[in-house]
Number of protein chains: 2
Amino acid sequence: MEAALSPDTAEKTRLFAALEALLGARFTRNAALREQHSHGVDGLPPKLPDAVVYAESTEEVARVLALCNEAGVPVVPFGAGTSLEGHVIPVRGGISLDLSRMKRILEVNEADLDCTVEAGVTRQELNAHLRDRGLFFPVDPGSECTIGGMCATRASGTNAVRYGTILENTLALTVVLADGRVVKARRRVRKSATGYDLTRLFIGSEGTLGVITEGTPRLHGIPEATAAAVSPFATLAGAVETVIATIQSGIPVARIELLDEVQMEAVIRYSRLEGFAPAPTLFLEFHGSEAGVREQAEAVEAIAAENGGLGFRWAVAAEERNRLWKARHDAAWAALALKPGYRPLTTDVIVPISKLTEAVLGAKQDIEESGFTAPIVGHVGDGNFHSVILVPPDDPEALERAWALDRKIVARALALGGSASGEHGVGLGKREFLLREHGAEALAVMRTLKEALDPRGILNPGKMLPD
Amino acid sequence: MEAALSPDTAEKTRLFAALEALLGARFTRNAALREQHSHGVDGLPPKLPDAVVYAESTEEVARVLALCNEAGVPVVPFGAGTSLEGHVIPVRGGISLDLSRMKRILEVNEADLDCTVEAGVTRQELNAHLRDRGLFFPVDPGSECTIGGMCATRASGTNAVRYGTILENTLALTVVLADGRVVKARRRVRKSATGYDLTRLFIGSEGTLGVITEGTPRLHGIPEATAAAVSPFATLAGAVETVIATIQSGIPVARIELLDEVQMEAVIRYSRLEGFAPAPTLFLEFHGSEAGVREQAEAVEAIAAENGGLGFRWAVAAEERNRLWKARHDAAWAALALKPGYRPLTTDVIVPISKLTEAVLGAKQDIEESGFTAPIVGHVGDGNFHSVILVPPDDPEALERAWALDRKIVARALALGGSASGEHGVGLGKREFLLREHGAEALAVMRTLKEALDPRGILNPGKMLPD
């Protein structure tokens, strides 16, 4: 892969010397570290950065960006490296800017239900820090990802149906612009009507408008009562219809996740779940007071029974619940374990809830016709679901067919008024759908914003916006 | 006021002829109509537009903007004219673009809990349309305002503590750019991780980045049970502490509004409420199941009792509740009625909830020291409250002292980490605080965005961003 490196220009050589002078050993061209920063977990073709830089403060990020901007060298922010869409791949070379050492929890305002953390803090680290205070941070993608990465990709997870995504759960950001200026985007108030909403502009901008170095997440009180339930169904349609009726009834479920029978089989095997069958299944969780949880659960159980539900299996003890949700969060690994050595191609479509049956059953039929193993799993309460298409290695023809399947599933979702990505982002993998989803005019506005804020185009070039 | 008009240049004369050719009688220079479009309800100095244009479709708005952009003539969007911060005042002349005739409800997707409406639909018209379907739109500023105006000013109201502001309750927008291009910002999905969040960029941009012609609000099911309560307190501090403890406990109150004894006296008199005393008072509302409402209400009642609450007075029947909330929504009119002929200067600060006691009691003391009558009322569950400073007419010295009081209240809120406006917006009235609140770097980014999207500066010039 060394051959793929862009050549060292005089400009780069001067930049590298300046970065080394600034950061010492935290500037590195070590081959193993560059390899580690050449890919996410998506299986897209990796590409080595010219160098890796480990920043430890906003000020350092500012100085790194100012130097790179002057040199016109690309900068690709890197957090936990758990991107599923190629966000962290330095497709045009340059610097991989690793923020994972920025791990300080700067303040926790228990009384205001918020906190401020550096970008490299992971959601698990934050929740471990909060637990004794009776608080939690609800946004929970499957992986151990950083707050910075979650903000950059507009992440969500299983709790979004009740608590919202990172967009609704971030009050303020600190962002470094391409030229090194540091912007504090908003204050930590619950709402504000002053000025353009820079926080939301940077959330989901995938490192292309600025580098997020600090975030101020909203926190929530750990609910008085929690109950989880697993509900298998006779048919996939019955499971989906249960979700739709639950959401339309306004029942405030905390989590409502669908696994089709293929994904369920994978999860049972991978996480050694006992007493479960490979049937279309909903994983549910209810938060509230004791009485509130009971009321919600009874309402959903009745809806499920009307739709071919085969009965709720309860998990009330914390240990059992954690085991179930660990299994759910490991669903992607479970899927991969179905075909060892295969690479995943993951769809992430979202549709209005009324179109969910058509979108899920259509995807299921596409998958069956394709011959691929591709479990379906998702945050169906939002209308969002994934299919993890398992592609044999070193088989370009199979890869081409897998992309064709991916495109078919996305095209249907877009035709139903949906979006190509509910939570993974665009990165490299979903760029081709952006025009169809947003239209030429919205795309032109996005390009205008990009050019205005990053005129030299150094910030994560080649991502999100199609060429 | 005619004298204040900017002169008709040749450019303007050509523009007016083109607009008249396009719109016929819906282009007008009628004096009464221009006067009507010279002000909001804020009492700031009015200014006549050169002409008023009534648009009836997005396409017409696009053609009007393209013509105005070519001529370099300012365009000020106008909805219901209920702005409290001078948003609709054409301070640099030009066209007042009236969208109030764009009243079509384009679709209601009951199954997805959303709808799409033209910008001129008011929140009351939308709710009247929805009532028979068991749905409601929760964002409720005090006035009869339009969806377009609410989006443009990032409005909220009494329900925001439970249901969020217009920001959280808008899925998608149609926006016309300065040059007439029409942008569809996002699709009507619950979340999406594709592309920059243009919807949130235009929400709160106060007509300075584009003209919003359609919006897609989120809807909510009318709750199974609703109960309202009025709770007087021995002290203002006790009322505020009750709010803080309620929010910190995570009790999902639907509304929790504070009126100080001055505002309470005004409301009792204006709305002829019987059996209420002029004491610091909370107006509360609880939504949920029968049991859930009871549970929430009992929890808050217990907190109030600990803080000098003098007992809940219940309003469960819809008629009685509506009467109470009508009285609350009329609080600004009630305040004005305390001093007939006086003009209001309204603060709209918001602070983190932990700072609410300091902010409210500090404002109260400032008001008492000033000698002005200035009732305090607000959406305290969010940390947001208003003081309506009543200023005698034709008394420049009093006006100067009123501004000094306003600045003192805002300065304290900013020092406490708050924002100068929770929901009214910046407009003309809050421009001077923008730099202190956001800092020079964030302000520079806002200017960059403005210049990128409106290079000729025709969109609502002189608003929001300080000169």
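Residues numbered from 1 in each chain as written. Chains lettered and ligands numbered in written order. Predicted model: local features only at pLDDT ≥ 70, side-chain atom pairs only at ≥ 80, totals over all residues. Heavy atoms only, no water.

Quick look at the pairing of strand β10 (residues 211–217) of chain A now. Residues and elements named next belong to chain A. Burial analysis of β10 places 7 of its 7 residues in the buried class, the great majority of the element. In terms of strand pairing, strand β6 (residues 114–118) meets β10 through 2 bridges, oriented antiparallel. Bridge pairing in β10 links E118 to E214. (Buried < 20%, exposed > 50% of the residue type's maximum accessible area, 1.4 Å probe, protein only. Helix = DSSP H or I, 4+ residues; strand = E, 2+ residues; numbered from the N terminus. Pairing = 2+ DSSP bridges.)

A separate point is a negative patch on the surface. A surface patch of negative charge is lined by A:E224, A:E290, A:E295, A:E298, B:E224, B:E290, B:E295, B:E298 and B:E301. Among the elements of the structure, α10 (290–306) of chain A together with α10 (290–306) of chain B are those that each provide at least two residues to the negative patch. In terms of residues, the negative patch owes the most to one element, α10(B), which gives 4 residues. Mapped onto the secondary structure, B:E301 falls in helix α10. We classify B:E301 as partly exposed; its relative accessible area is 31%. (Patch = residues over 30% accessible without salt bridge, like charges linked within 9 Å, V, L, I, M, F, W, Y side chains within 5 Å. Areas by Shrake-Rupley, 256 points an atom, 1.4 Å probe, with all protein chains shown as cover. Salt bridge = Lys/Arg side-chain N within 4 Å of Asp/Glu carboxyl O. Lys, Arg positive; Asp, Glu negative; His and termini not counted. Charge placed at Lys NZ, Arg CZ, Asp CG, Glu CD.)

Attention now goes to the environment of A:G215. Residue and element names in this part refer to chain A. Residue position: G215 is located in strand β10. On the accessibility criterion, G215 (4% relative accessible area) is buried. The sequence separation of G215 and V121 amounts to 94 residues, and the corresponding C-alpha distance is 9.7 Å. In contact with G215, other than residues within four places in its own chain, are C115, T116, V117, A172 and L173. (Contact = heavy atoms within 4.5 Å.)

Our next topic: the relation of the copies chain B and chain A. Once chain B is rotated about the relating axis by 180 degrees and shifted along it by 0.0 Å, it coincides with chain A to within an RMSD of 0.0 Å. Expressed as an axis order, the relation between the two copies is that of a two-fold axis. In this assembly the copies share their binding face: 100% of the residues contributing to the interface of chain B also contribute to that of chain A. (Least-squares fit on C-alpha atoms with pLDDT ≥ 70 in both.)

Turning next to unusual backbone geometry. All names here are of chain B. Phi at R186 is positive, roughly 70 degrees, even though this residue is not glycine. Mapped onto the elements, R186 comes out in the loop between β9 (182–185) and α7 (198–202). Its identity is not glycine, yet D394 carries a phi of approximately 55 degrees, on the positive side. Its place among the elements puts D394 in the loop between β18 (386–391) and α14 (396–415). According to the relative accessible area criterion, D394 is exposed, its value standing at 81%.

Here we take up the nonpolar core. Formed by 82 residues in total, the largest nonpolar core has its most connected members in A:L198 and B:L198. Not counting the four nearest positions on each side in its chain, B:L198 is found in contact with A:A442, A:V445, A:M446, A:L449, B:V183 and B:A185. (Core = buried A, V, L, I, M, F, W, Y, C linked by side-chain atoms within 4.5 Å.)

We now examine the domain arrangement of chain A. All names here are of chain A. Domains assigned within chain A are domain 1 (2–98), domain 2 (105–221), domain 3 (226–333) and domain 4 (339–460). Centre-to-centre separation of domain 2 and domain 4, based on C-alpha positions: 25 Å. Both sides of the domain 2 and domain 4 interface together cover about 1200 Å² of buried area, and 58% of this is carbon and sulfur. Here domain 2 and domain 4 share 0 salt bridges between them. Counting every contact that joins domain 2 to domain 4 gives 6 residue pairs in polar contact (both at pLDDT 80 or more). Residue composition of the side of domain 2 that touches domain 4, grouped by class: 7 nonpolar, 7 polar and 2 charged. (Domains from an automatic or database assignment. Buried area = accessible area lost by both parts, 1.4 Å probe. Polar contact = N/O pair within 3.5 Å; in protein donor to acceptor, adjacent residues only side chain to side chain. Nonpolar A, V, L, I, M, F, W, Y, C, P; charged D, E, K, R; others polar.)

Before going further, it helps to spend a moment on the packing of helix α9 (residues 261–270) of chain A against helix α12 (residues 331–338) of chain A. Residues and elements named next belong to chain A. Contact geometry of α9 with α12 gives a least axis separation of 8 Å together with a crossing angle of 95 degrees. Relative to α12, the element α9 lies roughly perpendicular. Contacts from V262, Q263, A266, V267, R269 and Y270 of α9 reach α12 at A331, W333, A334, A335, A337 and L338. Residue composition of the contact of α9 with α12, by class: 10 nonpolar, 1 polar and 1 charged. (Axes fitted to C-alpha atoms, helices over the stretch in contact; angles between N-to-C directions. Parallel < 35°, antiparallel > 145°, perpendicular 65-115°, else oblique.)

Our focus in this paragraph is the packing of aromatic side chains. Aromatic ring pairs are described here by two measures, namely the spacing of the ring centres and the angle between the planes. Summed over the entire model, instances satisfying the criterion amount to 10 aromatic pairs over all chains. Ring geometry for A:F286 against A:W314: centres 6.3 Å apart, planes inclined by 45 degrees, an arrangement best described as tilted. Residue A:F286 is located in strand β14 (residues 281–288), and its partner A:W314 is located in strand β15 (residues 313–315); the two are separated by 28 residues in the primary sequence. On the basis of relative accessible area, A:W314 is assigned to the partly exposed category, the value being 33%. With a centroid separation of 5.6 Å and 40 degrees between ring planes, the pair formed by B:F16 and B:F27 is classed as tilted. Here the residue B:F16 occupies a position in helix α1 (residues 10–23), and B:F27 occupies one in strand β1 (residues 27–28), the gap between them amounting to 11 residues. Residue class for B:F16 comes out buried when judged on its relative accessible area of 6%. Taken together, A:F286, A:F312 and A:W314 form an aromatic cluster joined through their ring pairs. Above the face of the A:F276 ring, A:R313 is positioned so that its terminal group lies 4.2 Å from the ring centre. In this structure, B:R162 packs its charged tip against the face of B:Y163, placed 5.5 Å from the ring centre. (Phe/Tyr/Trp six-rings, centres within 6.5 Å; stacked < 30°, edge-to-face > 60°. Lys NZ or Arg CZ within 6 Å of the ring centre and 35° of its normal.)

Taken together, the contact between chain B and chain A spans 76 residues of the former and 76 residues of the latter. Taken together, the two surfaces of chain B and chain A that pack against each other cover about 6000 Å², and 60% of this comes from carbon and sulfur. Counting the surface chain B buries against chain A, the share from its top three residues, B:R187, B:K191 and B:Y196, is 17%. A salt bridge links B:K191 to A:E423; the nearest nitrogen and oxygen atoms lie 3.7 Å apart. Elements supplying a minimum of two residues to the side of chain B that touches chain A: β9, α7, α8 (236–248), α10 and α15 (434–453) of chain B. Top element by residues in the side of chain B that touches chain A is α15(B). It accounts for 14 residues. Of the residues assigned to the side of chain B that touches chain A, the class counts are 32 nonpolar, 24 polar and 20 charged.

Time to look at helix α3 (residues 58–71) of chain A. With 14 residues, α3(A) should reach 20 Å at 1.5 Å per residue; the first-to-last C-alpha distance of 20 Å fits that figure. Within the sequence span of α3(A), burial applies to A:T58, A:E60, A:V61, A:A62, A:V64, A:L65, A:C68, A:N69 and A:A71. (Expected span 1.5 Å × (residues − 1).)

Residues and elements named next belong to chain B. Here α8 contains 13 residues, and its C-alpha end-to-end distance of 19 Å stays within 8% of the 18 Å for a straight helix at 1.5 Å per residue. All of the buried residues along α8 are L236, G238, A239, V240, T242, V243, I244, T246 and I247. Its buried side turned inward, α8 meets α6 (160–163), β13 (255–259), β14 (281–288), α10 and α13 (356–370).

Residue and element names in this part refer to chain A. Sheet architecture is open: 7 strands sit in the order β15-β12-β14-β13-β17-β18-β16, paired in antiparallel fashion. Two strands in the sheet have a free side with no partner beyond their single neighbour: β15 and β16 (343–346). Ignoring strand direction, the axes of neighbouring strands in this sheet form an average angle of 20 degrees. In the sheet, strand β17 (residues 376–378) pairs with strand β18 (residues 386–391) via 2 bridges, with the strands oriented antiparallel.

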